[in-house]
Protein chains: 2
Amino acid sequence: MAPTSETLTAERILEATEEVLRRHGPAKATVVDVARALGVSHGSVYRHFRTKAALREAVTKRWLDRTSEKLAVIVDRDESPEERLRAWLGALFEAKRHKAGDDPELFATYTVLTDENGTVVGEHIADLTAQLTRIITAGAGSGTFPVPDPAAAARAVFQATGRFHDPCHAREWTAPGVDEEFTAVVDLLIRGLSSPSR
Amino acid sequence: MAPTSETLTAERILEATEEVLRRHGPAKATVVDVARALGVSHGSVYRHFRTKAALREAVTKRWLDRTSEKLAVIVDRDESPEERLRAWLGALFEAKRHKAGDDPELFATYTVLTDENGTVVGEHIADLTAQLTRIITAGAGSGTFPVPDPAAAARAVFQATGRFHDPCHAREWTAPGVDEEFTAVVDLLIRGLSSPSR
DNA sequence: GGAATGACAGATATTGAAATCTGTCAGCTG
DNA sequence: CAGCTGACAGATTTCAATATCTGTCATTCC
């Protein structure tokens, strides 16, 4: 690597910060560490991020946005609303479970980060429910999901599946039978959305 | 109070432990404190509970059982399955939210205790889902809830409402609009349970 | 002149020695 | 003799001194 050769940019700082977090964990990762990894003084880092908290927030946002982007692809696929809804929820669960199982320490690190950045997480959730709303609205248009308020239905679906995407339940994602439980919840919700009685 | 006059019983130790936990919090509550509160030596406490962990586990179980007992009353009420289901879920949410809002510190204490006593919590959840299963089975019998597997449906309903009873979501229970969100999720689930399509 | 540096003050984290706690058990007490 | 006590060893926690970090800014460098 040639850390000193290129100009210092916010992007490079974020990459270095992710690496430092991966190596040291959230408690011991310092701004000085990040600067050291980049071969600059820590004062230079403060030129791009006003505080350590702002830096951590930016890293958190990047991480969450990567998931959002993956899921956004599913929203516009050429499939029925029900298929897309199942695929979207399944992909969300799969993405989270994979991250948690793949590198538990890194996942724990990001769980700490999300805990301290409520605002960013709130925006991420708003983003995800907006995607869900688009799918359900399509279903409302075609008559598959006869709901009066797709946005409210989207929030309900998102919250009802919380056990399968909220980090505070990560421990349960490796238990035997979670897949059946996930399917059971999704089936129940889709039957609720599909029910014509209003 | 006359702590030295009565005989030392497991029950009295549990009461004293709750008091010590209330006063000192989970991190600083010691067996010595409990013994001091009872006016006995800590050796005597170990006659009734093999370890500090066992003592904390027993306190946790007591606390959880109090909620179970309250809800059990609703299961056998003389109402329709749907009414009982709504009442039961509402009471569960209300009980948890009340505990969390009433005395946040004590609630935090018990959250720590439940985190360290996975087995007891597992039994508590099994107990609650058994209660739910009874209500849904009644609905299956009467045709209100045409589900093939009431126990599986109960688990799904319990998990889908997790946001409204799992302690890790306690922070969100005071947000404005939670009641509407709760109602939306319950409505959606009940519509799913009531749907005849299988 | 715009970007980077490094010394600095106050806040936070680390460390290791001293204090406290857990769990045991031989002996006391009623 | 059944139940309680208190001294004890090893584990854990506390506390204060020490080291490191955060955020600023006058100065240097290209």
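Residues numbered from 1 in each chain as written. Chains lettered and ligands numbered in written order. Predicted model: local features only at pLDDT ≥ 70, side-chain atom pairs only at ≥ 80, totals over all residues. Heavy atoms only, no water.

**Digging into the domain arrangement of chain A**
Residues and elements named next belong to chain A.
Right, so step 1: Assigned domains within chain A: domain 1 (10–48) and domain 2 (62–194).
Right, so step 2: For domain 1 and domain 2, the distance between their C-alpha centres works out to 31 Å.
Right, so step 3: In this complex, domain 1 contributes 8 residues to the contact, which on the side of domain 2 involves 7 residues.
Right, so step 4: Of all residues in domain 1, Glu18, Leu21 and Pro26 give up the largest surface area on contact with domain 2, accounting jointly for 64% of the area buried on that side.
Right, so step 5: Tallied by class, residues from the side of domain 1 that touches domain 2 come to 3 nonpolar, 1 polar and 4 charged. (Domains from an automatic or database assignment. Contact = heavy atoms within 4.5 Å. Buried area = accessible area lost by both parts, 1.4 Å probe. Nonpolar A, V, L, I, M, F, W, Y, C, P; charged D, E, K, R; others polar.)

**Re the packing of helix α9 (residues 178–194) of chain A against helix α8 (residues 150–160) of chain B**
Right, so step 1: Close contact between α9(A) and α8(B) brings their axes to 9 Å; oriented N to C, the two are set at 80 degrees. In terms of axis orientation, α9(A) runs roughly perpendicular to α8(B). In this structure, α9(A) contributes Glu181(A), Ala184(A), Val185(A) and Leu188(A) to the contact, and α8(B) contributes Arg155(B), Ala156(B), Val157(B), Gln159(B) and Ala160(B).
Right, so step 2: When grouped by side-chain class, the residues that make up the contact of α9(A) with α8(B) number 6 nonpolar, 1 polar and 2 charged. (Axes fitted to C-alpha atoms, helices over the stretch in contact; angles between N-to-C directions. Helix = DSSP H or I, 4+ residues; strand = E, 2+ residues; numbered from the N terminus. Parallel < 35°, antiparallel > 145°, perpendicular 65-115°, else oblique.)

**Points about the protein's contact with DNA strand D**
Right, so step 1: Around DNA strand D, a shell composed of 15 residues is seen, among which His42(A), Tyr46(A), Lys52(A), Ser41(B) and Ser44(B) lie nearest.
Right, so step 2: Close to the protein, within 4 Å, the atoms of DNA strand D are drawn from sugar and phosphate at a rate of 59%.
Right, so step 3: At 3.3 Å from a phosphate oxygen of DNA strand D is found a main-chain nitrogen or oxygen belonging to Val32(A).
Right, so step 4: Take Ser41(B): an N or O atom from its main chain is 2.9 Å from a phosphate oxygen of DNA strand D.
Right, so step 5: For the surface near DNA strand D, the elements supplying multiple residues, two or more each, are α2 (31–38) and α3 (42–48) of chain A together with α3 (42–48) of chain B.
Right, so step 6: A per-element tally of the surface near DNA strand D places α3(B) first, with 4 residues.
Right, so step 7: Of the residues belonging to the surface near DNA strand D, the class tally is 5 nonpolar, 7 polar and 3 charged. (Near = heavy atom within 4 Å. Polar contact = N/O pair within 3.5 Å; in protein donor to acceptor, adjacent residues only side chain to side chain.)

**Remarks on the pattern of salt bridges**
All names here are of chain A.
Right, so step 1: Applying the stated criterion across every chain, the model contains 34 salt bridges over all chains.
Right, so step 2: Glu19 serves as the salt-bridge partner of Arg22, at 3.2 Å between the closest nitrogen and oxygen. Residue Arg22 and its partner Glu19 are both found in helix α1 (residues 10–24); the two are separated by 3 residues, about one turn of the helix.
Right, so step 3: The class of Glu19 is partly exposed, set by a relative accessible area of 29%.
Right, so step 4: A salt bridge links Lys61 to Asp65, with the nearest nitrogen and oxygen atoms 3.0 Å apart. Within this pair, Lys61 and its partner Asp65 are both found in helix α4 (residues 52–75), separated by 4 residues, close to a single helical turn.
Right, so step 5: Since its relative accessible area comes to 38%, Lys61 is described here as partly exposed.
Right, so step 6: A single salt-bridge network, built from bridges that share partners, covers Glu11, Glu18, Arg62 and Arg66. (Salt bridge = Lys/Arg side-chain N within 4 Å of Asp/Glu carboxyl O. Buried < 20%, exposed > 50% of the residue type's maximum accessible area, 1.4 Å probe, protein only.)

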